[in-house]
Amino acid sequence: MASRSSTATARRSEDAGPESTSQTLTRAIDILDALREGPADLQALQTRTGLTRSTAHRLANLLIHRRLVTGDGKIYRLGAGLIYLGFKSGERLDLIDVARPVLAQLSAETDDAVNLGVRDGDEIIYVAQAPSRRRVVVRHHVGDRNRVAETALGRALLLDEGETWQALFPREDYALNSGRGHVEHHDDGGDRIRCLAAPIREVSGGIVAALSLSSLPEYMDDARMTALAVRVREAAAEISLALGYEGPR
């Protein structure tokens, strides 16, 4: 038979459960709110939330596990899971709804495929696209995945993460790509795809998606690629503006 003291202790533990859970939830939400201001390292998260280092680290990792936050061990940012929740809820300005007419217009102007992608860890997910009108086409489908390290979209999504970018693409000039605000990718493999991509930013300035224009060498020589880079940046900026970003970086 349990003693009165042990029973009281058990009751106190049970009573503390909901309060403890509520406090954990509140602190996790505080971290998400803090990352709305932009990417942050662990020290910045502590400053923004007032949490201890260990608590901020533990909750950030929990949110990474649920894909609500992404992080490389140094820098944390809002994750793709929040975009999925937004798509489901229908209660936020929908990235896809904002982007779709811009993608269609750019594809109509160029006859090339235009894609919208978001990052999910080491992969990108295609969440919207406007197809090419070429005889030979570059085709991706909504829901397809690709490696961040193998795409122009991945390069554009990482433009705020210099160390990660340089580690993945050591032969490419990070300062050049970051400074001009777009990336170029020449796939020398079997598909020989040539791509231009630019990041899309939300109100805080954080990169939430990227837009790419994909073509083949017979339709995209160096001169055309240079000329279209401006238009790709403009299209990405138009979507960013609709999401509340008023730049500059």
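You'll find the structure just up there.
To keep things clear, this report deals only with the structure shown in the data block. (Residues numbered from 1 in each chain as written. Predicted model: local features only at pLDDT ≥ 70, side-chain atom pairs only at ≥ 80, totals over all residues. Heavy atoms only, no water.)

For the rest of this paragraph, the subject is the overall build of the chain. Helix and strand content of the chain: nine helices and nine strands. For the chain, the proportion of its 249 residues judged to be buried stands at 44%. Total accessible area on the chain is roughly 13500 Å²; 49% of this is exposed by carbon and sulfur atoms. (Helix = DSSP H or I, 4+ residues; strand = E, 2+ residues; numbered from the N terminus. Buried < 20%, exposed > 50% of the residue type's maximum accessible area, 1.4 Å probe, protein only. Areas by Shrake-Rupley, 256 points an atom, 1.4 Å probe, with all protein chains shown as cover.)

Our focus in this paragraph is unusual backbone geometry. You will see that Arg 67, though not glycine, has its phi angle at about 65°, which is positive. On the secondary structure map, Arg 67 appears in the loop between α3 (53-65) and β2 (69-71). Among the residues examined, Arg 67 registers a relative accessible area of 35% and is labelled partly exposed. Positive phi values are uncommon outside glycine, yet Asp 111 reaches one of about 70°. By the secondary structure assignment, Asp 111 is in the loop between α5 (95-110) and β4 (113-120).

Let us now look at the pairing of strand β3 (residues 75-78). Sheet topology places strand β1 (residues 40-41) next to β3; two bridges connect them, and they run antiparallel. Pairing of Asp 41 across the sheet is with Ile 75, part of β3. The turn linking β2 back onto β3 is made up of three residues, and Gly 73 within it adopts a positive phi angle of 95°. (Pairing = 2+ DSSP bridges.)

Structurally, Arg 201 is set in strand β8 (residues 194-201). A polar contact is formed between the side chain of Arg 201 and the side chain of Asp 160, at a distance of 2.8 Å. (Polar contact = N/O pair within 3.5 Å; in protein donor to acceptor, adjacent residues only side chain to side chain.)

In this section: the side chain of Ser 240. With respect to the helices and strands, the residue Ser 240 is situated in helix α9 (residues 222-242). Ser 240 gets classed as buried once you look at its relative accessible area, which sits at 4%.

Moving on, we come to the pattern of salt bridges. Per the stated rule, a full pass over the model turns up 13 salt bridges. Arg 155 is the salt-bridge partner of Glu 172, the closest N and O atoms lying 2.8 Å from each other. With Glu 172 in the loop between α7 (162-168) and α8 (174-180) and Arg 155 in helix α6 (residues 152-157), the pair connects residues that are 17 residues apart, well separated along the chain. For Glu 172, a relative accessible area of 30% gives the class partly exposed. Its salt-bridge partner being Arg 201, residue Asp 160 comes within 2.8 Å of it at the nearest N-O pair. Of this pair, Asp 160 sits in the loop between α6 and α7 while Arg 201 sits in strand β8, placing them 41 residues apart in sequence. Connected through salt bridges with shared partners, the residues Arg 67, Asp 120, Glu 123 and Arg 145 form a single ionic network. (Salt bridge = Lys/Arg side-chain N within 4 Å of Asp/Glu carboxyl O.)

Let us look at the nonpolar core. Counting 29 residues, the largest nonpolar core has Leu 95, Leu 103, Leu 116, Ile 200, Leu 211 and Ile 239 as its most contacted members. Elements that contribute at least two residues to this core include exactly α5, β4, β5 (123-130), β8, β9 (207-215) and α9. Ignoring sequence-local partners within four residues, the contact set of Ile 239 consists of Leu 95, Val 98, Ala 99, Val 102, Ile 200 and Leu 211. The next biggest cluster of nonpolar side chains, apart from the first, holds 20 residues, and it includes Ala 152, Leu 153, Leu 159 and Ile 193. (Core = buried A, V, L, I, M, F, W, Y, C linked by side-chain atoms within 4.5 Å. Contact = heavy atoms within 4.5 Å.)

Attention now goes to the sheet that holds strand β6 (residues 145-147). The strand order across the open sheet formed by six strands is β6-β5-β4-β9-β8-β7, and the pairing between neighbours is antiparallel. Only two strands of the sheet have a single neighbouring strand rather than two, namely β6 and β7 (183-186). Within the sheet, the average angular offset between the axes of one strand and its neighbour, ignoring direction, is 35°. Judged from the five bridges that link them, β4 and β9 form a sheet pairing that is antiparallel. Note on β9: the bridge partner recorded for Asn 115 is Ser 212. Against the sheet, α5 contacts β4, β5, β8 and β9, and its axis sits at roughly 145° relative to β4. Running at roughly 20° to β8, α9 makes contact with β7, β8 and β9 of the sheet. (Axes fitted to C-alpha atoms, helices over the stretch in contact; angles between N-to-C directions.)

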